[in-house]
Amino acid sequence: MSKFAFLFPGQGSQTVGMGQSFYNESSEVKEKFEQANDVLGYSLTDLMLNGPEEELTKTENAQPALLLNSVAIFEQIKKAGIEPAMVAGHSLGEYSALYAAGALSFEDALKAVHERGKLMEQAVPSGQGTMAAVLGLDDDTILKITQEITNNGATVNVANYNCPGQTVISGTVEGVEQAVEQLKEAGAKRALPLNVSGPFHSQLMQPASEQFQKVLDGVDLHDAQAPVYANVTAKPVQDASEIKQLLTEQLYSPVQFTKTIENMVNEGVDAFVEVGHGKVLSGLVKKVHRRAKVFNIQDVDQLNEFIKWAKEES
């Protein structure tokens, strides 16, 4: 029996029109989209399928949109009788992973990420925080430089360990600018500012995490039915109280994606399946483990291709 790891993308993967082919083909997907509109009190469906893009890109809209898209696709895979042996998500994607593992209801997950998006937007005044991708430099050097800058009063932290040679930093504009300069001097091939609305996964998100804890107090979390590899630890978790604590910490802690994939490979995964829009995670998996079998499911044709392969393998 093949072991599948389902991976769920995070913010940045959103695009106007995502989910359209599933919406056109499936009445169940249409129902899911309608349910999301009812829960949120506005037409997320219209925003996802028709835009405008600048509205969809707003954190409070992008997060529920990506969750809805991933959940709709996951349900189609599940309908075919295919279940994941383990799951993980990148940042926001962790909520889709928790839904897939039975730890969160769709309604609770949707409400939680909508509030999470608002709190993240509000945590730092617009224009005061940013992020940058650092390519071609080792993690230890990046960590040392960011810690020195932070200790000197300009906050900058490691936000994502995406794959070997690709790390994201996050903090105040001043902190990130200083870090970009010093990291290039230290040998980084590139250090590129990212087009984001805030310093996500940095210590500047701690006030948001304190408020978000109250949101999670109103959410009915269950023990996960499949191991969920947590962003904060890169380790499998199934206990509901532990999941809740890690979700709070996740807002201001680095995403340990590289270690997550390494740990999943060590568990004998046969294929990684990116469930949702974009190819970001599929690309990162290949950089962590070159020989990994990877599926990317963004439309109905790709879904059918994966289902056919999975059934042949089993």
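Going by the structure above, here's the rest.
Note that the structure is predicted; figures quoted are calculated from it, not measured.

A. Main features of the nonpolar core. Core analysis: the largest hydrophobic core is formed by 75 residues, its most contacted members being Phe6, Ile77 and Phe306. The element that contributes the greatest number of residues to this core is helix 5 (residues 59-79), accounting for nine residues. Discounting chain neighbours no more than four positions away, the residues touching Ile77 are Phe6, Ile82, Val275, Ile297, Leu303 and Phe306.

B. Region of interest: helix 10 (residues 206-217). The end-to-end C-alpha distance of helix 10, which contains twelve residues, comes to 17 Å, matching closely the 16 Å that a straight helix rising 1.5 Å per residue would cover. For helix 10, the full list of buried residues reads Ala208, Ser209, Phe212 and Leu216. Down the axis of helix 10, the buried side of the element spans an arc of 95 degrees, and every buried residue falls inside it. What points out from helix 10, more than 90 degrees from its buried face, is the exposed set Glu210, Lys214 and Asp217. On its buried side, helix 10 packs onto helix 6 (93-100), helix 7 (106-123) and helix 11 (240-250).

C. Spatial organisation of helix 8 (residues 139-151). Here helix 8 spans 18 Å end to end across 13 residues, near enough to the 18 Å set by a 1.5 Å rise per residue. For helix 8, the full list of buried residues reads Ile142, Ile145, Thr146, Ile149 and Thr150. Viewed end-on, helix 8 has its buried residues packed into an arc of 135 degrees, placing them on one side of the element. For helix 8, exposure combined with an orientation more than 90 degrees from the buried face picks out Asp140, Lys144 and Asn151. Where helix 8 is buried, its residues meet strand 3 (129-135), strand 4 (156-163), strand 5 (166-172) and helix 9 (173-185). Of the residues that open helix 8, the one with a side-chain oxygen 3.3 Å from the backbone nitrogen of Asp140 is Asp138. Once helix 8 finishes, Gly153 follows within two positions and takes phi at roughly 110 degrees, a positive value.

D. Inspection of the packing of aromatic side chains at higher detail. Inspection of every chain in the model, using the stated rule, returns ten aromatic pairs. Aromatic side chains Phe4 and Phe306 sit 5.4 Å apart centroid to centroid with 75 degrees between the ring planes, which places their arrangement in the edge-to-face category. Here Phe4 is found in strand 1 (residues 4-8), whereas its partner Phe306 is found in helix 14 (residues 300-313), with 302 residues between them in sequence. These aromatic residues form a ring-pair network of at least three members: Phe6, Phe8, Phe74, Tyr99 and Phe106. Its guanidinium or amino end placed over the ring of Tyr23, Lys30 lies 5.5 Å from that ring's centre, counting from NZ or CZ. A cation over a ring is seen here: Lys32 above Phe106, with NZ or CZ 4.8 Å from the ring centre.

E. Quick look at the layout of surface pockets. Quantified by volume, the largest pocket comes out at close to 890 Å³. Gln11, Gly12, Ser13, Leu194 and Val196 are, among the 36 residues lining the largest pocket, the residues nearest its centre. Where the lining of the largest pocket is concerned, the elements lending two or more residues are helix 4 (53-57), helix 5, helix 7, strand 3, strand 4, strand 5 and helix 13 (280-288).

F. Spotlight on the side chain of Gln256. Locating Gln256 in the fold gives a position in strand 9 (residues 255-256). For Gln256, a relative accessible area of 15% puts it in the buried group. Ignoring any residue separated from it by four or fewer positions in sequence, one finds Gln256 in contact with Tyr161, Asn231, Val232 and Ala234.

Quick notes on the rules
- Residues numbered from 1 in each chain as written.
- Predicted model: local features only at pLDDT ≥ 70, side-chain atom pairs only at ≥ 80, totals over all residues.
- Heavy atoms only, no water.
- Core = buried A, V, L, I, M, F, W, Y, C linked by side-chain atoms within 4.5 Å.
- Buried < 20%, exposed > 50% of the residue type's maximum accessible area, 1.4 Å probe, protein only.
- Helix = DSSP H or I, 4+ residues; strand = E, 2+ residues; numbered from the N terminus.
- Contact = heavy atoms within 4.5 Å.
- Expected span 1.5 Å × (residues − 1).
- Arc of directions from axis to C-beta.
- Polar contact = N/O pair within 3.5 Å; in protein donor to acceptor, adjacent residues only side chain to side chain.
- Phe/Tyr/Trp six-rings, centres within 6.5 Å; stacked < 30°, edge-to-face > 60°.
- Lys NZ or Arg CZ within 6 Å of the ring centre and 35° of its normal.
- 1 Å grid on protein atoms, 1.4 Å probe; cavity = no way out; pocket = protein on both sides within 12 Å on 5 of 7 lines; lining within 4 Å.
- Points joined across faces, edges and corners; volume = space filled by probe spheres on them.

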